[in-house]
There are 2 protein chains.
Amino acid sequence: MTKARRIIIIGCGAGGGTTAQFARKTDRTASITVFEKGKYPQYSKCGLPYAIAGTIPEFLNLIEFSEDWFKKEHIDVHLETTVEEINIQQRTVLAKKGTARIEKEFDSLIFATGAKPWVPPIQNIQKNGQLLQGVHVLRTIDDGKKILAQIKKGKKATIIGAGLIGLEMADTLHKKGMKVTVVEALPAILANTLDDDMSEPVLQILEEKISVYTNHLAIRTEEHQGVITSLVIKDTPTGEEKKIETDLLIIATGTKPETSLAKTIGCTIGKTGGIQVNEKSETSVKNVYAVGDCTEYIDFVTNEPLGIGLGSVVVRQGIAAGINAAGSLYSLPSGVLLSRTSEFFDIEIAAVGPVKQGMKTLPLVTGKYKGSSRPDYFPGGEPIIIKVGVHEETGHILSAQAVGSNAAQRINTFACAILSKTPIEEFRKLETAYAPPIAPTLDAVTLACDVVALKLARKRR
Amino acid sequence: MTKARRIIIIGCGAGGGTTAQFARKTDRTASITVFEKGKYPQYSKCGLPYAIAGTIPEFLNLIEFSEDWFKKEHIDVHLETTVEEINIQQRTVLAKKGTARIEKEFDSLIFATGAKPWVPPIQNIQKNGQLLQGVHVLRTIDDGKKILAQIKKGKKATIIGAGLIGLEMADTLHKKGMKVTVVEALPAILANTLDDDMSEPVLQILEEKISVYTNHLAIRTEEHQGVITSLVIKDTPTGEEKKIETDLLIIATGTKPETSLAKTIGCTIGKTGGIQVNEKSETSVKNVYAVGDCTEYIDFVTNEPLGIGLGSVVVRQGIAAGINAAGSLYSLPSGVLLSRTSEFFDIEIAAVGPVKQGMKTLPLVTGKYKGSSRPDYFPGGEPIIIKVGVHEETGHILSAQAVGSNAAQRINTFACAILSKTPIEEFRKLETAYAPPIAPTLDAVTLACDVVALKLARKRR
């Protein structure tokens, strides 16, 4: 009888949990152990703003796979357990739960250690190594519960960072009746998601409901008896300072990959700071994998290294790591498409491929089209703006961004075109489904491509 | 000075109108003439059920390009004008408006003559060559107005044909408070749109609100003083007859291409009965084009001839004919994808590629997945069922069908995969956009593909 394969996974977020599931699907007899330092098994971090909003009734609803579920699958999950040491020669992991020590051997090891919130250098934001009272990050269920406890109708909330999570939280706090201000260091909101000309109409809608300061750095907080009272921000171009009174401050300025354990066993760390992994989710160390926010993979369009931060990619890496670690074979596409979407203040946005800023080395030609979800003669059409980016020489679609009706599903069609390297001349003739209540005869998806194709034709003349 | 190009278009529906527009865009100086036998310039036939329903307030709202619009574009539209004769040697068209005769020369001629409703052989449905009072087809604005005039709350309506138009009308009449019965000769509803297992859940929802008889032939009508009173139908398997009392009967059993004029000049008619056209919308006669419901083109998946009947395809043919007839170059894809969608009784359906029945010669492997538009933990997710068909040997996606949330936009992603010949192994790893309120981490689009991929792997083992 062959010995059962031993798989150890560090971290039980979406990446670690998915890895465990797919390892189990692939090898029914493997011994699978997951060490998770937090209190909860696999839950949706992306759902936190909606649990705070109350749209999702309870934080515990976010748990996608319970302890019982893992137990039934014979996956040994240790919660509130921290891995202290890995001995790569002896292939052992040493973990601690309270005062108890657990030592386990592995054949395959998977890092799913995630990322921790990055707090920008703001004067007086910490006291004795702790964030000031009223100041929060949002990464865990416990963070979410703390924020919820501080929400008070009519009071003032400030959010630093106008990325997806920042704006999802802005919507949540606005709906809860708080006066919301968003502060963003960059000149535009959603800078990693949309080009400036695409985020501009979103900003206009936001500004009807909340205050947004772009091009402003958060420089210091003021407090009373350890509780935040205001945030001082500085206009980057003019240097002018402004004080924003605030009862609640949320920092949504991104994360840093958690790689300290991986470093101790010599996993190569890439230039984005994440653990380098390949299409099988393997690290540079044999039989050691990594998945999720602690990793760095390749951008499909630019071929440049890319820090992973999208739940959809994390889950797909987990599938790959689980299947490969359990002895079968699964390869991811040669890069990440960066398909992404969100919804706030009743606007759906979505995009695929890098923003313009991220494609400086590529000969990019773009086209934009503003249309409607329905033919003109049919009442109730919703606006949709689509922008497409194409490689001037190959004619391949490199990116697409959408604001409005069914943005996400429209962007998925572009994702297929990017993955399949469909030339714009072919894709612009795509026969999209038409019916008056649902979509016009020619969808904005292809009409935006016609705009690019015209520009390309002119350039080539 | 070269002489201006002379273009004549017969028919001003979506096909003829679009041809005229794109001819004008391509050649600003051409003489463009359109002869239309009906009263109205280009309007949306697909919108008729919604104008009857009142969702579109007026029938005239359906007009997409007015006489004035054509005038401004210097396109000479003759309404209520019938082309009587074409002399292909002398390149002249003879048309009649009332008693006036118009003779015009052309360099390029385009048939956009459309199709006429096909009325099945039902005993006693006509009197003196006219449909019985209370019996209607739905093809024109005038048909729509006549139907609207006969709608009465609480009265009984019967529809023959459970295709898209039949069910759109069933929804309309149901909403207007009529008691609706649908009679379909085939064993399933929507037989040209969905496979039986996909139309089954749609039928279940319909049957909560209306009566549906599949496998039933309409055999005769009964009348009182020239007005229909009932329809007698026959159960095909058992031969049993049943009388359905009805105040209004709508025949939605499809159309026949109008090709009589094209035949007189020797255009090849294909085996579906439509005028054969190529990727430039050219007929077999030099400088003569045809577009729309009077034509036959190629099915992209089966390479078999296919009668054109989808507005989205008609418009694309019009683009091709207009640009080519005006001396530039535009080619359609090598076949029609058959992307199609509709919505009735609050169910959105969509599909691309032939139904199973239409792919008997291909080694088809299918997979189906029932999911939700949102992650399980997020309230308000709507059901979505997706079925995918794949070529067993090449792994290419051949078809996809969807019932439920955002079916049409989901199907467009498959349309791109079919057009790009994306193998299922690649497409199933497509990174779809994820956010809890919008879509789950893995969309039903790719999960349905996983089901097929598993079946394929088993078959290949």
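From a predicted model like this one, the values you see are computed outputs, not experimental measurements. (Residues numbered from 1 in each chain as written. Chains lettered and ligands numbered in written order. Predicted model: local features only at pLDDT ≥ 70, side-chain atom pairs only at ≥ 80, totals over all residues.)

Draft legend 1. The overall build of chain A, seen in detail. Counting its secondary structure elements, chain A contains eleven helices and 28 strands. Its C-alpha radius of gyration of 24 Å places chain A within 12% of the 23 Å reference for a compact globule of 461 residues. Considered along the principal axes of its C-alpha atoms, chain A spans approximately 70 × 60 × 40 Å. Here chain A holds 461 residues, and 53% of them are scored as buried. Counting contacts in chain A only where the partners sit at least 6 residues apart, residues at least 24 apart contribute 63% of the total. (Helix = DSSP H or I, 4+ residues; strand = E, 2+ residues; numbered from the N terminus. Rg over C-alpha atoms; globule rule 2.2 N^0.38 Å. Buried ≥ 20, exposed ≤ 12 C-beta atoms within 10 Å, placed from the backbone. Contact = placed C-beta atoms within 7 Å.)

Draft legend 2. Spotlight on the sheet that holds strand β4 (residues 82-87) of chain A. Residue and element names in this part refer to chain A. The three strands are arranged β4-β5-β6 in an open sheet whose pairing can be described as antiparallel. Only two strands of the sheet have a single neighbouring strand rather than two, namely β4 and β6 (100-105). With direction set aside, neighbouring strand axes in the sheet form an average angle of 20°. (Pairing = 2+ DSSP bridges. Axes fitted to C-alpha atoms, helices over the stretch in contact; angles between N-to-C directions.)

Draft legend 3. The arrangement of the packing of helix α9 (residues 407-419) of chain A against helix α9 (residues 407-419) of chain B in detail. One way to put it is that α9(A) packs onto α9(B) with a least axis distance of 8 Å and a crossing angle of 10°. Accordingly, the angle class assigned to the pair α9(A) and α9(B) is roughly parallel. Each of A:Q409, A:R410, A:N412, A:T413, A:C416 and A:A417 in α9(A) lies in contact with α9(B), whose residues at this interface are B:Q409, B:R410, B:N412, B:T413, B:C416 and B:A417. Considering only residue class, the contact of α9(A) with α9(B) consists of four nonpolar, six polar and two charged. (Parallel < 35°, antiparallel > 145°, perpendicular 65-115°, else oblique. Nonpolar A, V, L, I, M, F, W, Y, C, P; charged D, E, K, R; others polar.)

Draft legend 4. Looking closely at the sheet that holds strand β3 (residues 75-78) of chain B. All names here are of chain B. The strand order across the open sheet formed by five strands is β3-β2-β1-β7-β21, and the pairing between neighbours is parallel. Strands at the two margins of the open sheet, each flanked by one partner only, are β3 and β21 (288-290). Here the average twist between neighbouring strands, direction ignored, is 15°. In the sheet, strand β1 (residues 6-10) pairs with strand β7 (residues 108-111) via four bridges, with the strands oriented parallel. Residue I8 lies in a different strand from β7, and its bridge partner there is L109. Each of β1, β2 (31-35), β3 and β7 touches helix α1 (residues 14-26); the most contacted strand, β2, lies at about 175° to it.

Draft legend 5. Highlighting the domain arrangement of chain A. Residue and element names in this part refer to chain A. Domain boundaries in chain A define domain 1 (6-115 + 256-325), domain 2 (119-253) and domain 3 (347-456). Measuring from the centre of the C-alpha atoms in domain 2 to the corresponding centre in domain 3 gives 32 Å. If you look at the interface, domain 2 gives eight residues, while domain 3 gives nine residues. Residues that form the side of domain 2 that touches domain 3 fall into these classes: five nonpolar, two polar and one charged. (Domains from an automatic or database assignment.)

Draft legend 6. Looking closely at helix α8 (residues 311-325) of chain A. Residues and elements named next belong to chain A. Its 15 residues give α8 an end-to-end C-alpha distance of 21 Å, which sits within 8% of 21 Å, the value for a rise of 1.5 Å per residue. α8 sits mainly inside the fold: 15 of its 15 residues count as buried. In the stretch just after α8, G327 is the one whose phi turns positive, near 100°. (Expected span 1.5 Å × (residues − 1).)

Draft legend 7. Main features of the pairing of strand β7 (residues 108-111) of chain A. Residue and element names in this part refer to chain A. The side-chain alternation of β7 yields two buried faces, one formed by S108 and I110 and the other by L109 and F111. Looking at chain direction, β7 and strand β21 (residues 288-290) are connected through three bridges and run parallel. Bridging across to β21, I110 finds its partner in Y289.

Draft legend 8. Main features of the relation of the copies chain A and chain B. Note on the copies: chain A fits chain B at an RMSD of 0.0 Å, the axial shift is 0.0 Å, and the rotation between them is 180°. The transformation just described matches what one would write down for a two-fold rotation axis. Within chain A, the C-alpha atom positioned nearest to the axis of rotation is that of A:T413, 2.0 Å from it. The share of interface residues of chain A whose copies in chain B are also at the interface is 100%, consistent with both copies meeting through the same surface. (Least-squares fit on C-alpha atoms with pLDDT ≥ 70 in both.)

Draft legend 9. Structural context of the interface of chain A and chain B. Contacts between the two partners involve 58 residues from chain A, matched on the other side by 58 residues from chain B. Breaking the side of chain A that touches chain B down by element, the ones donating at least two residues are α8, β24 (340-344), β25 (347-352), α9 and α10 (424-427) of chain A. Ranked by residue count, the leading element in the side of chain A that touches chain B is α9(A), at ten residues.

Draft legend 10. View of helix α6 (residues 196-206) of chain A. All names here are of chain A. Three or more residues of α6 are buried, namely M198, S199, V202 and L206. The buried residues of α6 occupy one face: seen down the axis, they fall within an arc of 85°. Those residues of α6 that are buried are in contact with β14 (211-213), β25, β27 (383-391) and β28 (397-404). (Arc of directions from axis to C-beta.)

Draft legend 11. Layout of the packing of helix α1 (residues 14-26) of chain A against α8(A). All names here are of chain A. One way to put it is that α1 packs onto α8 with a least axis distance of 7 Å and a crossing angle of 35°. Considering the relative orientation of α1 and α8, their crossing is right-handed. Together, A14, G15, T18, T19, A20, Q21, F22, A23 and T26 of α1 and G311, V314, V315, Q317, G318, I319, A321, G322, I323 and A325 of α8 make up the contact between the two elements. Along the lines of polarity and charge, the residues of the contact of α1 with α8 split into ten nonpolar, nine polar and no charged. (Left-handed = near helix turned anticlockwise from the far one by under 90°.)

Draft legend 12. Quick peek at the environment of A:G318. Residue and element names in this part refer to chain A. In this structure, G318 sits in helix α8. Taking C-alpha positions, G318 is 18 Å from D299, a pair spaced 19 residues apart along the chain. With residues up to four places along the chain from it excluded, the contact list for G318 reads A14, G15, T18, T19, F22 and V291.

Draft legend 13. Summary view of unusual backbone geometry. Residues and elements named next belong to chain A. Phi at L190 is positive, roughly 55°, even though this residue is not glycine. Structurally, L190 is set in the loop between β13 (179-183) and α6. For L190, a count of 26 C-beta atoms within 10 Å puts it in the buried group. Of note in this structure, D346 is not a glycine but carries a positive phi near 65°. Inspection of the secondary structure puts D346 in the loop between β24 and β25.

Draft legend 14. Representation of the environment of B:I102 within the structure. Residues and elements named next belong to chain B. Mapped onto the elements of the fold, I102 is located in strand β6 (residues 100-105). For the pair formed by I102 and E84, sequence separation is 18 residues and the distance between their alpha carbons is 9.9 Å. Setting aside chain neighbours within four positions, we find I102 in contact with H78, T81, A95 and K97.

Draft legend 15. Up close: the pairing of strand β12 (residues 156-160) of chain A. Residues and elements named next belong to chain A. With respect to burial, β12 is a largely interior element, four of its five residues being buried. Of the strand pairs in this sheet, β12 and β13 are connected by five bridges, and their pairing is parallel. Looking at β13, one finds that K156 is bridged to K179.

Draft legend 16. Here's a closer look at the environment of B:A433. Mapped onto the elements of the fold, B:A433 is located in the loop between α10 (424-427) and α11 (444-460). Its 29 C-beta neighbours within 10 Å are what place B:A433 among the buried residues. It is 8.3 Å that separates the C-alpha atoms of B:A433 and B:D443, two residues lying ten residues apart in sequence. Setting aside residues no more than four positions away along its own chain, B:A433 makes contact with A:S339, A:R340, A:T341, A:A350, A:A408, A:I411, A:N412 and B:A439.

Draft legend 17. The arrangement of the confidence of the model for chain A in detail. Summary statistics for chain A give a mean pLDDT of 97 and a share of 100% for residues scoring 70 or more. Taken together, the chains of this predicted complex give a pTM of 0.97 and an interface ipTM of 0.96. (pLDDT = per-residue confidence, 0-100.)

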